Amino acid sequence: MTRIHFKALPETFESFGEARRNGFLAVKQLKDQGRGVVGTFCTYTPTEIFLAGGLTPVGLCATSDETVSEAEKTLPRNLCPLIKSSYGFVVTDKCPYAYFSDLIVGETTCDGKKKMYELLARHKTVHVMELPQTQNLIYAKKLWRSEILRLKNAVEELFELSISDEAISLAIKRRNVERKLLKDLYELSALSPPPMTGLQQLRILFGSQFKFNHTDKVEELKQLISNLKETAQTNQGPVPKTHKRIVITGCPMGGATEKVVEAIEGAGAVVVAFENCTGAKQYDRLVDETIEPISALTEYYLAIGCAVMSPNPNRFELLERLCHQFKADGVVEMTLTACQPYGVESASVREFLNERGIKFMSVETDYSSSDSELLKTRAAAFIETLS
Ligand code: BJ8
């Protein structure tokens, strides 16, 4: 079996791979300059509100098991690792991003997260947005719009500033530029062979959220896209054309869960697309720049296809589209242990893909390395069935 060989990466690759760690210093510098920082936990958070107020939003979802045992002193053991780890990093002050956050914004997504925010409020200033659990009822749009306005008011009050519609529109434009570039970048993996491995793609997508200077980020992404195009044109990429092509769906990824991508790619396949919040779920669509900005944010964020919504048609629409666009041979779903929304929705995903003749495997995992060997065995068996 031919395995993926990692070639020397352009510098920009490493810059994105190291972005989370390097960002610690960048956030400290921003704080030293008196700039406010807002910690977030979810793709539903309308970050344009913070950017419009001159604040820096930063993702706090933790991706390692370093603080899980500390969190388990307070939280139940049988809880999703993302919640335990994130809570643990905040209360132990081990995450500089959480430490520097003047405000933490959460949403009523899954039960575990929303109850965790209540506990977090004992340590930090927390604002929780009331997220509707469905997307198409009239009340949902009304509620979400009023929640975005309530967030704007809370931010204005806490940071003693005023956020104009013009500033929100400008923030929307800037975020759209970044979304478009990230989409252009990952869509290069629709090529056969893709010019990057799935692990490289994941590190770029994950790392990009820790690049805080818009102008630099745009330049680096453009450079990276140009490098990747050249790699594709000269056939110098790291992936053999014969590799089976996998689309990943499920819970957010990064850090410890790279092990799932490593298991798949170690078995002679390549991950070409990520449907989850680390990838296309965040970047596939743009916020409408032609309508009133709060309405545009309401429409965009409410339409995110997460399993906390019932029903959740947008996840299925996106997944099917990615399978076609990226010529997927199979789909691998990663759910985190004890994640009820994704765990239960898994049966519908399996049925949906079966009906379309697309092979599917679901794996449940956490942030430990104890199942790495099992994941390798399961990935190898699954890739075998694609031959
Ligand atoms: S929009 S995927 S970031 S909620 S894995 S904490 S659902 S029990 S992370 Fe998510 Fe927003 Fe949805 Fe994306 Fe709960 Fe499940 Fe844990 Fe989860």
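The shown structure was predicted, so the numbers you read here are calculated from the model rather than taken from an experiment. (Residues numbered from 1 in each chain as written. Predicted model: local features only at pLDDT ≥ 70, side-chain atom pairs only at ≥ 80, totals over all residues. Heavy atoms only, no water.)

Any chance you could explain the pattern of salt bridges here in plain terms?
Two side chains carrying opposite charge are able to pair once their charged atoms lie near each other. Evaluation of the coordinates by the stated rule reveals 30 salt bridges. Here Glu178 ties to Arg175 by a salt bridge, and the two come within 3.8 Å at their closest N and O atoms. Of the two residues, Glu178 and Arg175 both sit in helix α9 (residues 165-187), three residues apart, roughly one turn of that helix. Overall, Arg175 belongs to the buried group, its relative accessible area being 15%. Across the pair Lys259 and Asp366 runs a salt bridge, and its minimum N-O distance is 3.8 Å. Of the two residues, Lys259 is situated in helix α12 (residues 258-266) and Asp366 in the loop between β8 (359-365) and α17 (372-385); the sequence distance between them amounts to 107 residues. By relative accessible area, which is 8% here, Lys259 ends up buried. Exposure remark for Asp366: the relative accessible area of 27% places this residue in the partly exposed category. (Salt bridge = Lys/Arg side-chain N within 4 Å of Asp/Glu carboxyl O. Helix = DSSP H or I, 4+ residues; strand = E, 2+ residues; numbered from the N terminus. Buried < 20%, exposed > 50% of the residue type's maximum accessible area, 1.4 Å probe, protein only.)

Explain the sheet that holds strand β7 (residues 330-336) here, please?
In sheet architecture, strand pairing relies on hydrogen bonds along the backbone and comes in two forms, parallel and antiparallel. One open sheet accounts for four strands, arranged β6-β5-β7-β8; its pairing is parallel. If you trace the sheet from one side to the other, it starts and ends with β6 (269-274) and β8, each paired once. Neighbouring strand axes in the sheet, compared pairwise and without regard to direction, differ in orientation by 30 degrees on average. Relative to β7, strand β5 (residues 244-250) runs parallel, the two sharing five bridges. (Pairing = 2+ DSSP bridges. Axes fitted to C-alpha atoms, helices over the stretch in contact; angles between N-to-C directions.)

Looking at this model, I keep getting lost on the environment of Arg315. Mind explaining?
Topologically, Arg315 is positioned in helix α15 (residues 313-325). Taking the relative accessible area as the measure of exposure, Arg315 reaches 1% and is therefore buried. Residues contacting Arg315, with those up to four places away along its chain left out, are Thr249, Gly250, Glu275, Lys281, Gly305, Glu333, Tyr342, Glu345 and Val349. (Contact = heavy atoms within 4.5 Å.)

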